[in-house]
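So you can see what is in the structure, the chains are spelled out below.
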Amino acid sequence: MSQVIGVPRETAAEEKRVATVPEVVEKLIKLGFKVKVQAGAGDAANFADDTYRVAGAEVVADAAALWAASDIVFKVRGPTPEEVGLMRAGQTLVSFLWPAQNPELMQQLAARKVTVLAIDSLPRMLSRAQKMDALTSMAGIAGYRAVIEAAHHFGRFLTGQITAAGKVPPAKVFIAGAGVAGLAAIGTAVGLGAIVRANDTRAEVADQVQSMGGEFVKVDYEEEGSGGGGYARVMSEGFQQAQREMYAKQAREVDIIITTALIPGKPAPKLITSEMVKSMKPGSVIVDLAAEQGGNCELTEPGKAVVRQGVTIVGYTDLVSRLARQSSTLYSTNLFRLAEELCKTKDGVINVNMEDDAIRGLTVIKDGAITWPPPPLKLPAPPPAAAKAAAAPAAKAHGHGAGEPMAGGALAGISIAAALLLWLIGAYAPAAFLGHFTVFVLGCFVGYMVIWNVTPALHTPLMSVTNAISSIIAIGALIQIAPPAAAAAGAGGRPDELIRWIAVAGIALTCINMFGGFAVTRRMLAMFRK
């Protein structure tokens, strides 16, 4: 028998999102589920009750009736004590829960003998889990909204302008933390014309920052900051001191600071001190995305925008809800992808498979038993070091290995042989041949140096362009097959048969090269079209 998915109205203050939108209701019904929605659940996100009815959902007026009739409950925020009291044994709850920060709520839910899937506990390092990653979806929206809030509170344009009334310099924006939210903020600020700088403890994100149009500001201290699950880890005191010095310098120079630093299970690290705020220019803005966890700025007041020492500090905890329609759509899509994983048989009955790494990570309570934290993921074992060690001596035994410098004697011998060959060609080859040969050698050398110094990420587009350009070979081959009248008359009217067939083969290979190059270019361009 099909299970019922219930979607109650969110009761948390200033929460405007809804866990399922009408578009996703239709998809859930195709999976075999029945869907019930509490009246008014989508009003704040501009989804009227009638749109749910048209999609096939039943609208229930009373919250208690909805909870009683639901086998599975989709929510955004974790349940309140009153909502926990409405739950019954055997129900399944899917929502944000933050089990590390809410041990009492975990105990209350376990006492009700329910199963709880915390969407924030998804193992984000699993590639197949990305479609269910609601944290990433919401972080991207928060980063975008942070720039919009900063622009709202900032006293002038973000982009530079030259008008009849004078020149307006572009705003300078510094973003602390280049995770999903930080990168979204970078892209938005760059799009609005600001000069954007960013920093992160993870060195590998420097290329991502630059690709978004920002400048990566490096801390003058060597230490790797990558942690598990796409988060940063706690850094050493030496690194933190160097980082504070860098932040202090940026605070004096920039107009807007957006902070995004969070470490799972811990209060938000304090990055911006009151002294840094004092050093900022009057009218500057700080948007603290970590306000709900205490804030990255010492003067942040969660849920408020305050002015301290001439600087506006925005500590809103509902940034995602300020784009309620968009965030509800993305969140409900994440839950639908989760429903697909839970109901692979498409019969409207979920199976919480504890052998599935993604589902196991999400499941924090199973039938009343607390199963959080999950066991460590079984990652593929690295290749044995012994094999690499054995390969190195073997390479040396047969000559110089890849990447090792060539022996001096061998290099000298090759140079002498090449010089001798060039002398023989110059002494005995016809003058016309020498001109063509010189162009050929220079062409090979320049082409090699150009290709060798191209970033590997650009090899495919470079190949498609050079393949298309190299099709000029076809013209030379055609001339060899059908030479000009004067040349043909001087050669007896017919080219040499060997040259003819070589030219035919050249045309065939060049056509493959030419059309393949354009095909690759077309496919790459299609990736960037909406």
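As shown above, the structure is provided for reference.
Residues numbered from 1 in each chain as written. Predicted model: local features only at pLDDT ≥ 70, side-chain atom pairs only at ≥ 80, totals over all residues. Heavy atoms only, no water.

**Quick notes on the side chain of Thr20**
Here Thr20 is to be found in the loop between strand E1 (4-7) and helix H1 (22-30). When its relative accessible area of 1% is taken as the criterion, Thr20 is described as buried. Filtering out sequence-adjacent residues up to four positions away, Thr20 remains in contact with Val7, Val25, Leu28, Tyr52, Phe74 and Ser332. (Helix = DSSP H or I, 4+ residues; strand = E, 2+ residues; numbered from the N terminus. Buried < 20%, exposed > 50% of the residue type's maximum accessible area, 1.4 Å probe, protein only. Contact = heavy atoms within 4.5 Å.)

**Some words on the pairing of strand E15 (residues 311-314)**
The two faces of a sheet get side chains in turn, since along a regular strand they alternate between them. The side-chain alternation of E15 yields two buried faces, one formed by Val311 and Ile313 and the other by Thr312 and Val314. The pairing of strand E13 (residues 285-288) with E15 spans 3 bridges and is classified as parallel. Bridging across to E15, Ile286 finds its partner in Ile313. Pairing of strand E14 (residues 305-308) with E15, which is carried by 4 bridges, proceeds in the antiparallel orientation. Note that in E15 the partner of Ala305 across the bridge is Val314. (Pairing = 2+ DSSP bridges.)

**Examining the nonpolar core**
In this structure, Phe74, Ile258, Tyr331 and Leu338 are the most contacted members of the largest nonpolar core, which totals 78 residues. For this core, the element with the most residues is helix H6 (residues 134-153), which contributes 8 residues. In this structure, Ile258 is in contact with Ala146, Val147, Val173, Phe174, Ile175, Ala176, Ala185, Val287 and Leu289, ignoring residues within four places of it in sequence. Ranked by size, the runner-up nonpolar core spans 24 residues in total, among them Val217, Val219, Ile257 and Leu271. (Core = buried A, V, L, I, M, F, W, Y, C linked by side-chain atoms within 4.5 Å.)

**Considering the sheet that holds strand E10 (residues 195-199)**
What links the strands of a sheet is backbone hydrogen bonding, and the strands pair in either a parallel or an antiparallel sense. One open sheet holds the 7 strands; their spatial order is E11-E10-E9-E12-E13-E15-E14, and the pairing between them is mixed. Only two strands of the sheet have a single partner each, and these edge strands are strand E11 (215-216) and E14. This element, H6, spans strand E12 (256-259), E13, E14 and E15 of the sheet and lies at about 155 degrees to E13. (Axes fitted to C-alpha atoms, helices over the stretch in contact; angles between N-to-C directions.)

**A look at the pattern of salt bridges**
By the definition in use, this model includes 25 salt bridges. Between Arg128 and Glu341 there is a salt bridge whose closest N-O contact spans 3.5 Å. Residue Arg128 is found in the loop between strand E6 (115-118) and H6, and its partner Glu341 is found in helix H11 (residues 324-342); the two are separated by 213 residues along the sequence. Notably, a salt bridge pairs Glu301 with Lys304, separated by 3.8 Å at the nearest N-O pair. A residue is classified by how much of its surface remains accessible, and Glu301, at 25% relative accessible area, is partly exposed. One network of salt bridges, with partners in common, ties together Arg128, Lys131, Glu341, Lys344 and Asp356. (Salt bridge = Lys/Arg side-chain N within 4 Å of Asp/Glu carboxyl O.)

**Some points on the sheet that holds E6**
If you walk across this open sheet you meet the 8 strands as E3-E2-E1-E4-E5-E6-E16-E17, and the pairing is mixed. Lying at the two open borders of the sheet, with one neighbouring strand each, are strand E3 (58-60) and strand E17 (369-370). Bridge analysis of E6 against strand E16 (residues 363-366) gives 2 bridges, and the strand direction is antiparallel. In the strand pairing of E16, Leu117 is matched with Thr363.

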